[in-house]
Structures are given as C-alpha cells and as structure tokens.
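Below, each chain spelled out in residue letters.
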Amino acid sequence: MQLDGLRQKVEDYCDREGLLQDGKPLVIGVSGGADSVCLFYLLSDICERRGISVIPVHVHHGIRGEEADRDERFVRELTKAKGVSCQICRVDVPAYVEKNGLSTEEAARILRYRELERIRVENSAFAIALAHHRDDQAETVLMNLLRGTGPVGLAGILPRSGTKIRPLLAVSRNEILDYLKENNINFVEDSTNFNQEYTRNRIRMEVLPLLENIYPRAGEHIANVAEDVYAWREYIRCEAVEQLEKNGVPWCPEERTGCPTGDEILFPIGLYRDNPAVIREEMLRIAVESIIPSRKDVSRAHYRMLESLFEEPESGRGVDLPGDIRAVRTAERVRIFRKHGDDRPIFESKELSVPGETMIDVAGEKWLFSAELMDGKDFNMKKDDFFHEKDYTKYFDYGKIENGLQLRRPKEGDFFVLDGSGRQKKLSRFYIDRKIPRDERSEQLVLADGGHIVWAMPDRISAAYRVTEKTDRILKVSRLERTEDRK
C-alpha cells in the first residue's frame, strides 16, 4: 500500500475513534520492530500537519543482551533521521520478576507502560500511541475466547484505554510490511517473537494460519467481531455508569491513578436488583476495575461469587477476590475493598443502650440500633400488629436479661436456647448448619447477654428470651435505616 493510502486510512480511523487532539503532544512507543516503526512514520507525518508534536520513547528492558542494545541504537538513528529526539528509558525486568514473582513478559509490559506514562505526564502529552494492529486483535480475541471470557474479552484490544491509543487497529500486519517495503524503511526483529513457548506466538504462527487455510479472511472477521462487541459494550457501559452516578456510587475510570473512594466501593443491594442482568454485570465490572489494578486476574468464577453476595441475604458473608481484595455483604450494601493497608477500625463490641439508640460501624456502614421498653400487657393486646414489622425488629423478655446486652462479633463458647425445653445449641454449630464458611463466621453480628446469644442476626433469637403472656417488660430492638437516609 502506498504511503498516502495507508496514512489516510490510519488518519480516518483516528478521527472516527477520536484518538488525536490537535495542538497537544503525543508520546509514541517505538521498539524498533516493524509495527512500531510504521506507527512512528505514519503518526509523524499526520501529526506534523495537525500541529501535534511527537515524543518517541524507547524502553530498554535489560534483557536480550546485545540484541536489546542494537534495538536502542537503531531507534536513536531512526528518530534522528526524522528530525526528532528519542527518549530512552532503561528498566531492570529480571530484578522486577524476582521481586514480584511475575513472568518476564508481564514484568516487561508493566515496566514499559510505567515508563511511557511517566514520560507522558512529564511532557503534558494527551496520550501514548501503541502499535497494536488488526492481527494482534485477532490473536487477543482468540486467546481470550480459548481460556474463557465474557464480552470484555471478546472486545479485545480497545482503540483507547485510559491514556493509551492504538491507531493501527484497522491495519493488518501485511499492510504494515508492504508499506515499509514500498517506502524502503528498515526495522529490526525481536528474536523472542519467534519463541513458541509464548502462547501468543503459537497462536500467531500456528493457529491463525491454520484457520486462514480454511477461511482465508478468518483473522479479519475475528477482528471485526471485536469491533462490534466493543461498540455494544460501550453502550452498555454508559448505561451502567449513568446508574452508578445517579445512585451516588463513586467509581474510577480505567485511566485512574488511584481510586478516590479510598480503595473501596459501597454498592447498594437495591441498585443491583433493580437493573437488568447485563447492566448490573457491567456495574460490577466497573466496581472491580475501580479497586483491582489488574482486572485480567478476575475470572468468571470470581464474578459469580460476587453476584452471590447480592442474591443471598446473609449479612456479614464475604468472598475474596484477586489482588488482596475482599467483598462483604451487609444488610443493604456490598462493600468491595482492599484488605492490604485497610486501616478501618475493626468492630468488636459495643453495649446496647436500653432504652436509646446505639450506632456501630460494620464493614464501612454505620448501623443504628434502637432499643425501646414496652409494657407487656400492651404488647400482648397488639402482638399481631407488632409481628408484621420488618425482619430487623425483634422482641425480647427484658426480665430475662442478666448481664446487659452487647452488640458484638461471635466468640468461642457462644450458645443459644433452641426451644422451651431448654436445649442449647452452640453458635458455631448453627453457622455450620447455615453453611457459613469458617472464615466468614467471625464477621457475623450478634446481640449477646454474656455468652448467651439473644439474637443471631438477621433472624435467629434464643427461645430463652421469647416474649410470653407472662412477660411484664418487653424490649423491642430494631436496626434502623442508614443514618444518612434519615436526615
């Protein structure tokens, strides 16, 4: 393809996707390979006409020895010939691998993007241009599909993600090579691109050629599907964001540099239940990406676990997610938060004011309990009316309280009375029967009279404290609505 033809195709794609901003600098990642060299040449010409200064950046990863040094020298000369100074960044990938237990490929990607972003910020550039093309898109979608993915994975590589743009996604690898050949532009080869120990290389060198022997345009068709799914996902995402913002749920866009919510999301149960499945699933993805930097580690199974917190009513139940993240169900919300560095005071116990109101902090929510003393005779006359109240209101025989009442977490030896015969049951056994996992039992909330559990929330009360016709004074305990909703 001739210079002007390919350049126009790329410029049209950039305009369609809104990838360029006239008058603002643009960082271009240049490895020295065919794709990045093509990107640099095309964008240099496009940007010059549009008043955009370009900042080529080459990252030396500290691996591949002399070959990596050769790449650095090549990029210096290449950019110099175009009258542009290249910024060289050196990182130590092997040391980063050893420290963080990552693969070499993953460590190189993290450090490379970190350096590119640093240069972008230092130069007030609006974006970082990367050289992913249509064949890369097909490989990515195939990899995601084969290892299990949802619509996010099927959308593949996005034209824009955060501060990164990809102007060559509409261009095939053959178009890139033809352009370089026709215009006598040199490039270097990275020997690791031919190492079939890497899954992506095997897909590129074995799987896609096999598919294209059967369907000659297979790669192009896969890339087109990704483009369609991306368009659908963008619409659904806009709807999900609108719902989050309408309901006051803070969230962080993909280009975030830190979650402004303090590394937690408080997600209302009602918001989840009131939306169609496709919208609520996208809202959960947004919540997860607001907390977890590497969302790719979150699998379909993790999302199903998270969804179960909204669909099952046990308050205090929680699940663990990748990245040292935990999600805990409360009465009206699911709190998704980072465990590492979480300095929120851990609630242990608080005496219930009788009569009066008592406020406690449970998993980031302020719960307000009201305690009211009532005459037994009045209650017995109207008990049918009283028992129509919501689940988080319970009645107890106040005369049976021996040690005062504590709102607290469970302790070893806690018990309650099963029935009028006085049979006791260990609270730990009760949690086992309820199928509450061991690591979640300590997060449950109880109302206790010493070691005797008066109320195992939300629904179990001890028979020893039940109101009867002989009860003189009755204690009514209610967990009220969130304090901010009562202002």
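Residues numbered from 1 in each chain as written. Predicted model: local features only at pLDDT ≥ 70, side-chain atom pairs only at ≥ 80, totals over all residues. Heavy atoms only, no water.

### Examining the overall build of the chain
And step 1. Check the secondary structure of the chain and you find 16 helices and 21 strands.
And step 2. Within the chain, the proportion of its 487 residues that are buried is 49%.
And step 3. Here the contacts in the chain between residues at least 6 apart in sequence split such that 68% fall between residues at least 24 apart.
And step 4. For the chain, the accessible area works out to roughly 24,600 Å², and carbon and sulfur atoms hold 48% of it. (Helix = DSSP H or I, 4+ residues; strand = E, 2+ residues; numbered from the N terminus. Buried < 20%, exposed > 50% of the residue type's maximum accessible area, 1.4 Å probe, protein only. Contact = heavy atoms within 4.5 Å. Areas by Shrake-Rupley, 256 points an atom, 1.4 Å probe, with all protein chains shown as cover.)

### A look at the packing of aromatic side chains
And step 1. In this structure the tally under the stated criterion is 6 aromatic pairs.
And step 2. Aromatic side chains F396 and W455 sit 6.3 Å apart centroid to centroid with 45 degrees between the ring planes, which places their arrangement in the tilted category. Here F396, found in strand β14 (residues 393–397), pairs with W455, found in strand β19 (residues 452–456); they are 59 residues apart in sequence, far enough to count as distant.
And step 3. Using a relative accessible area of 0% as the deciding quantity, one classes F396 as buried.
And step 4. Judged by relative accessible area, which is 0%, W455 ranks as buried.
And step 5. Members of the aromatic cluster, each reached through a chain of ring pairs, are F267, Y272 and F310.
And step 6. Positioned above the aromatic ring of F337, the side-chain terminus of R335 is 3.8 Å from the ring centre. (Phe/Tyr/Trp six-rings, centres within 6.5 Å; stacked < 30°, edge-to-face > 60°. Lys NZ or Arg CZ within 6 Å of the ring centre and 35° of its normal.)

### With respect to the pairing of strand β21 (residues 473–479)
And step 1. Here β21 lies mainly inside the structure; 6 of its 7 residues are buried.
And step 2. In this sheet, β21 lies alongside β14 in antiparallel orientation, the contact comprising 5 bridges. Counted as the bridge partner of K394 is V477 from β21. (Pairing = 2+ DSSP bridges.)

### Side note on helix α13 (residues 300–311)
And step 1. With 12 residues, α13 should cover 16 Å at 1.5 Å per step; its first-to-last C-alpha distance of 16 Å lies within 8% of that length.
And step 2. In this structure, the buried residues of α13 make contact with β7 (264–268), α11 (269–273), α12 (277–291), β8 (318–321), β9 (325–329) and β10 (333–338). (Expected span 1.5 Å × (residues − 1).)

### Observations concerning helix α3 (residues 65–81)
And step 1. Between its terminal C-alpha atoms α3 stretches 25 Å, which fits the 24 Å expected from 17 residues at 1.5 Å a residue.
And step 2. When we look at burial in α3, the residues that qualify are E67, A68, D71, E72, F74, V75, L78 and T79. The arc that holds the buried residues of α3, viewed along the axis, is 165 degrees, so those residues lie on one side. Facing away from the buried side of α3 by more than 90 degrees, the exposed set consists of E77, K80 and A81.
And step 3. Lining the buried residues of α3 we find α2 (34–49), β2 (54–60) and β3 (87–90). (Arc of directions from axis to C-beta.)

### Some points on the packing of helix α6 (residues 134–147) against helix α9 (residues 199–214)
And step 1. The geometry of α6 relative to α9 is characterised by a closest axis approach of 10 Å and an angle of 100 degrees between their N-to-C directions. With respect to α9, the element α6 is oriented roughly perpendicular. From α6, D135, D136, A138, E139, T140, L142, M143 and L146 reach across to α9, where they touch T199, R200, I203, R204, V207, L208 and L211.
And step 2. Residues of the contact of α6 with α9, tallied by class, amount to 8 nonpolar, 2 polar and 5 charged. (Axes fitted to C-alpha atoms, helices over the stretch in contact; angles between N-to-C directions. Parallel < 35°, antiparallel > 145°, perpendicular 65-115°, else oblique. Nonpolar A, V, L, I, M, F, W, Y, C, P; charged D, E, K, R; others polar.)

### Points about the confidence of the model for the chain
And step 1. Across the chain, pLDDT averages 85, with 87% of residues at or above 70.
And step 2. Counted against residues more than four places away or in other chains, residues 255–262, with its pLDDT under 50, gives 12 contacts.
And step 3. Note on residues 341–345: pLDDT under 50 across the span, and 6 contacts to partners over four residues away in sequence or across chains. (pLDDT = per-residue confidence, 0-100.)

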